[in-house]
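What follows is the residue order along each chain.
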Amino acid sequence: MGRYATLGDVAGKRVLVRSDLNVPLDGDQITDDGRIRASVPTIRELSEAGARVVVTAHLGRPTGAPDAAYSLRPVAARLGELLGREVAFAEDTVGDSARAVVDGLADGDVAVLENVRFNARETSKDETERGAFADELAALADAFVSDGFGVVHRKQASVYDVAQRLPHAMGGLVATEIEVLQRLTRDPQRPYVVVLGGSKVSDKLAVIDNLLGKADTLLIGGGMVFTFLAAEGHEVGNSLLEQDQVETCREYLERSRESGVEIVLPTDVLVAPEFKADAPPTTVAVDAIPSDQIGLDIGPDSAAAFAERIAGATTVFWNGPMGVFEFDAFAGGTRAVAQALTEVDGLSVVGGGDSAAAVRRLGFADDAFGHISTGGGASLEYLEGKELPGITVLED
Ligand code: ADP
Ligand code: MG
């Protein structure tokens, strides 16, 4: 157990694992179990080493109180199927049920505690409150393994404070994510192309800012592109537009011209009169977007141009769909970009929850890419150059 050497022999020990099991649900049906599958190797490795594995995780955004709609019970059941062994389930986070379930574990057994965000202290900004909750979590275990990459940018009890209270180690999933992110930031192999899309430009400004100093080319699509197109003086009709970010986008375009880091915008877009799956699409040039239409995807010429740049790169990071891929008629740009990433001779990385869901929905296999990150926010914060508290805390 090289990775967990700092924990000593884990056989017979209770090991608390913070996983990211935050999957999309439709009722109690899991619509994409990618994050559960990604969490399996660490849990299995610890279980096979004889640890009594206690998994803590969150699901959705409950308001700090139990809410059946966000119960981890169906997730625990799916985890059991994937592990091929029974998984015990505690009906609370640190209470009587959690203690009883943990006490009942034999060596190698696995339990899942109820949604950690059913307890308001998990995300409290008050260190004392959060610490008290972390004490209770720590009392359930002898060691802690941090494996929820999607939450390592959060200073929360089950991510940060609990690591200060138990012997701790980085889980294999988090270690892989950090390794990949380091390859993207420390001396990446060139040409280095970054593709950004998704809905809001304001979510991605800091990462654009940082990557303008690192990448060779930034390709921009998705809803955020219309703020850039507006900054170039184009009319964008009823497309998504963040008026208060136009000036910042203009500055980035200016900086790109000065620094030689190319920002490439689409030359054509697919527009429709309504934001609807069956709205009739029309391809228009970016300088001819009708005032009563909404841009819902990059156009075919742009998709081909983006694909060519991507396929010719040695390092590619992609975050954010190129269009409203949830509607088949507007998934073409996202499909072209995904396809091009699979053809990269080098490192191709897909980051972001919706981007990962998009490639799966479009039928691409996970292993067609160099790496699919499980944590959108965390990978973006890392690429912004920020410190991730859930990582820093493991280092001391
Ligand atoms: P990720 O989760 O991969 O970081 P985001 O959350 O930033 O990505 O954005 C994903 C969303 O962006 C998708 O739901 C998609 O429908 C939306 N989107 C993409 N292009 C457009 C567009 N032109 N107009 C409106 N929404 C868009
Ligand atoms: Mg998203």
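The model shown is predicted, which means the values in this text are computed figures rather than measured ones.

A word on the overall build of the protein chain. Helix and strand content of the protein chain: 13 helices and 17 strands. Against the globule reference of 21 Å for 396 residues, the protein chain gives a C-alpha radius of gyration of 22 Å, in line with a compact fold. Dimensions of the protein chain along its principal axes, counting C-alpha atoms only, are 65 × 45 × 40 Å. Here the protein chain holds 396 residues, and the buried ones make up 57% of them. Entry remark: accessible area of the protein chain is about 16000 Å², with carbon and sulfur atoms responsible for 45%.

Below, the discussion takes up the sheet that holds strand β17 (residues 371-372). Consider a sheet: its strands pair through backbone hydrogen bonds, and that pairing is either parallel or antiparallel. Judged by pairing direction, the sheet is parallel, and its 6 strands sit side by side in the order β11-β10-β9-β15-β16-β17 without closing on themselves. With one partner strand each, in any of the chains shown, β11 (262-264) and β17 form the two edges of the open sheet. Bridge count between strand β16 (residues 347-351) and β17: 2 bridges; the pairing is parallel. Opposite V349, over in β17, you have H371 as the bridge partner. Of the strands in this sheet, β9 (192-196), β15 (315-319) and β16 touch helix α10 (residues 332-342), which is tilted by about 150° from β15.

You can see E384 is positioned in the loop between α12 (376-383) and α13 (389-395). Overall, the relative accessible area of 16% leaves E384 in the buried class.

A word on the site of ligand 1. Lining the immediate surroundings of ligand 1 are 19 residues, of which K204, G295, E326, D354 and S355 lie closest. Taking K204, its side chain carries an N or O atom lying 2.8 Å from an oxygen atom of ligand 1. E326 is positioned with one of its side-chain polar atoms (N or O) 2.5 Å from an oxygen atom of ligand 1. Bound to the protein, ligand 1 loses 86% of the 580 Å² it would expose on its own. Of all elements in the fold, only β14 (294-298) and α11 (353-361) reach the threshold of two or more residues within the shell around ligand 1. Looking at which element gives the most residues to the shell around ligand 1, the answer is α11, with 3 residues. Its residues assigned to classes, the shell around ligand 1 comprises 5 nonpolar, 11 polar and 3 charged.

Let us now look at the sheet that holds strand β12 (residues 268-272). Spatial strand order, β13-β12-β14: 3 strands in an open sheet with antiparallel pairing. Both outer strands of the open sheet, β13 (282-285) and β14, are each paired with one neighbouring strand and no more. The sheet shows a mean angle of 45° between the axes of neighbouring strands, direction not considered. Here helix α9 (residues 300-311) sits on the sheet and contacts β12, β13 and β14; the angle it forms with β14, its principal contact strand, is near 35°.

Scoring rules and cut-offs
- Residues numbered from 1 in each chain as written.
- Chains lettered and ligands numbered in written order.
- Predicted model: local features only at pLDDT ≥ 70, side-chain atom pairs only at ≥ 80, totals over all residues.
- Heavy atoms only, no water.
- Helix = DSSP H or I, 4+ residues; strand = E, 2+ residues; numbered from the N terminus.
- Rg over C-alpha atoms; globule rule 2.2 N^0.38 Å.
- Buried < 20%, exposed > 50% of the residue type's maximum accessible area, 1.4 Å probe, protein only.
- Areas by Shrake-Rupley, 256 points an atom, 1.4 Å probe, with all protein chains shown as cover.
- Pairing = 2+ DSSP bridges.
- Contact = heavy atoms within 4.5 Å.
- Axes fitted to C-alpha atoms, helices over the stretch in contact; angles between N-to-C directions.
- Near = heavy atom within 4 Å.
- Polar contact = N/O pair within 3.5 Å; in protein donor to acceptor, adjacent residues only side chain to side chain.
- Nonpolar A, V, L, I, M, F, W, Y, C, P; charged D, E, K, R; others polar.

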